[in-house]
Amino acid sequence: MRALLGVYDKTGIETFARGLADLGWELVSTGGTFAALQAAGLPVRKVEELTGFPEMLDGRVKTLHPAVHAGILARRDLPAHMAALEAHGIGPIDLVACNLYPFHATVTRPGGVAFAEAIENIDIGGPTLLRAAAKNHEAVLPVVDPADYGRVLEALRAGTVDAALRRELAWKAFAHVAAYDSAVAEWLWAQQHPGEFPPRLTVPLERVQSLRYGENPHQRAAFYLDRSLAEHGRGGIATAVQHHGKEMSYNNYLDADAAWNCVNEFPGPTCVIVKHTNPCGVATRDDLREAYRLAVRADATSAFGGIVAFNRVVDEALAREIREFRSPNDGETRMFYEIVIAPGYTPEGLATLKGKSKDLRILEAQPRARGGLALRQVGGGWLVQDPDDLPADEVDFRVVTKQQPTPQQLDDLRFAWRVVKHVKSNAIVVAKDGRLLGMGSGQPNRVKSVEIALEKAGDEVRGAVLASDAFFPFAWNDSIEKACQAGIAAIAHPGGALRDQDGIDCCNQYGVAMVFTGVRHFRH
């Protein structure tokens, strides 16, 4: 039996090769792998002994030869194939262990990489070997993952190499090569067409967790990490570290993502509480403990069982506040949460928070960087768009009424604008003094969202501000007038409606300030 070993990642290769040699296998290798095995004292032949040719073109050609690929691809059950091997003096190859040049790591290196260097890190011989071995897996074992060395050796020793193992290894080889090629294609397209959507899009996904169930118990589910080049180093919930608690569920991931994206909109110390992907409590304060209390009080009923996110490190004092805080509804019930998310924790803060519940999921995540792609599935296809990642600081708040917003009202309008971006459309947010007072979400008509937001704000609505994710189509006896009559002091919306002037006239009559943002934040 003959094994061809040619790996870039040499993790475990010496032990694997020694195990094969102990089983009587002949070892053939290339370049650096040959040198490593020879230095370990293993009996190994250079691939040149099979091909009769040296490595050529600075290593570009090593194994691309009939003496190698015929030995891999020959069907052992076809006499004509075996006769052809014998006629040309070619021996069969029964195992190929190969992994590839680090293209992904090369092109994502900090500081960038020269085009020529990236090209030289595109592996040709390796994928060809793996594809050939995987195609002929009934006779050849394709081994691409060092984690499989142990079980392959165990199966060889026990004589239990069966069709199931062979097919799994073949699948893994093809999947590895497909993901590798997708990175090359993504990189090449970006070199020629930066910022353009490609005519063909392949997204390499890696399953990192099988979930108990999906959105509902009758649905199967899993969580996959996006290995696209565009996602490298962008942070977000997918790369969060879980320090404590039960395993994440499908809905946990959705809610955690919503909370984390929202809290990182804010430059100042902020707490965001999310329920069913909608922010139900938000507050910004220098003292995060006070921000947390105000966020809970915005809607304590919804906050119970929600997700709490902070954009600053959680220390012991804040952790104790989270652990002990009682619901404002009765002053007795400790608040219960599914998840706490922050960019970090002090050792004392983490230990204190772990004491709240053995089930509380504690996540540490990095803020999501701007850019990348936003994908969403529809039946039979995918929608692709740029993420809605325009910061509020880059939005021009243009005053269109006689009444000018005060500096405090303008700060509150930007606060509300940051929140409304993360509320399901039709979305309305009422805020004051850097805290959410009420929000209306997901209503088929904007009037009802306004009414819900005003109702939640209650007596605190007077002097507050209101933000809408999209323009108001009507004003009189509609959303704008209802807001003015309730005591709203300033309104922000994108503008662009046919009846914008009606809204301006209405605000002028009530002495309310209005700004147009020129930006819409639909969230369906």
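Residues numbered from 1 in each chain as written. Predicted model: local features only at pLDDT ≥ 70, side-chain atom pairs only at ≥ 80, totals over all residues. Heavy atoms only, no water.

**Student:** Help me understand the pairing of strand β21 (residues 513–516), please; the structure alone is not making it clear to me.
**Tutor:** Residues in a regular strand point their side chains to alternate faces of the sheet. Neither face of β21 is open: one carries Ala513 and Val515, the other Met514 and Phe516, and all of them are buried. In this structure, strand β16 (residues 398–399) lies alongside β21, joined through two bridges in antiparallel fashion. Directly across from Val399, in β21, lies its bridge partner Val515. Relative to β21, strand β20 (residues 490–493) runs parallel, the two being bridged by four bridges. (Buried < 20%, exposed > 50% of the residue type's maximum accessible area, 1.4 Å probe, protein only. Helix = DSSP H or I, 4+ residues; strand = E, 2+ residues; numbered from the N terminus. Pairing = 2+ DSSP bridges.)

**Student:** Looking at this structure, how should I read the sheet that holds strand β5 (residues 141–143)?
**Tutor:** Hydrogen bonds between backbone groups are what pair the strands of a sheet, and the pairing can be parallel or antiparallel. With respect to topology, five strands assemble into an open sheet ordered β3-β2-β1-β4-β5, the strand pairing being parallel. A single partner strand is all that each edge strand has here, and the edge strands are β3 (45–46) and β5. Across two bridges, the pairing between strand β2 (residues 26–29) and β3 is parallel. Following the sheet pairing, Ser29 is matched in β3 by Lys46. Set on the sheet, helix α1 (residues 13–22) makes contact with β1 (2–6), β2 and β4 (95–98); between it and β1 the angle comes to about 170°. (Contact = heavy atoms within 4.5 Å. Axes fitted to C-alpha atoms, helices over the stretch in contact; angles between N-to-C directions.)

**Student:** Teacher, can you tell me more about the nonpolar core here?
**Tutor:** Nonpolar side chains in soluble globular proteins tend to be buried together. Membership of the largest hydrophobic core comes to 44 residues, with the highest contact counts inside it found for Ile341, Trp417, Val419 and Val429. Among the elements that take part in this core, helix α11 (residues 250–263) stands out by supplying seven residues, more than any other. In this structure, this core is formed jointly by two domains, domain 2 (236–364) and domain 3 (392–516), each of which donates at least three residues. Judged by nonpolar contacts, the second largest core, of 30 residues, contains Val68, Leu129, Ala132 and Ala134. (Core = buried A, V, L, I, M, F, W, Y, C linked by side-chain atoms within 4.5 Å. Domains from an automatic or database assignment.)

**Student:** Help me understand the pairing of strand β17 (residues 428–432), please; the structure alone is not making it clear to me.
**Tutor:** Within β17, four of the five residues are buried, leaving the element largely enclosed by the surrounding structure. Note that β17 and strand β18 (residues 435–440) share five bridges and pair antiparallel. For Lys432, the partnering residue across the bridge sits in β18 and is Arg435. Linking β17 to β18, which pair antiparallel, is a turn of two residues; within it Asp433 sits at a positive phi near 55°.

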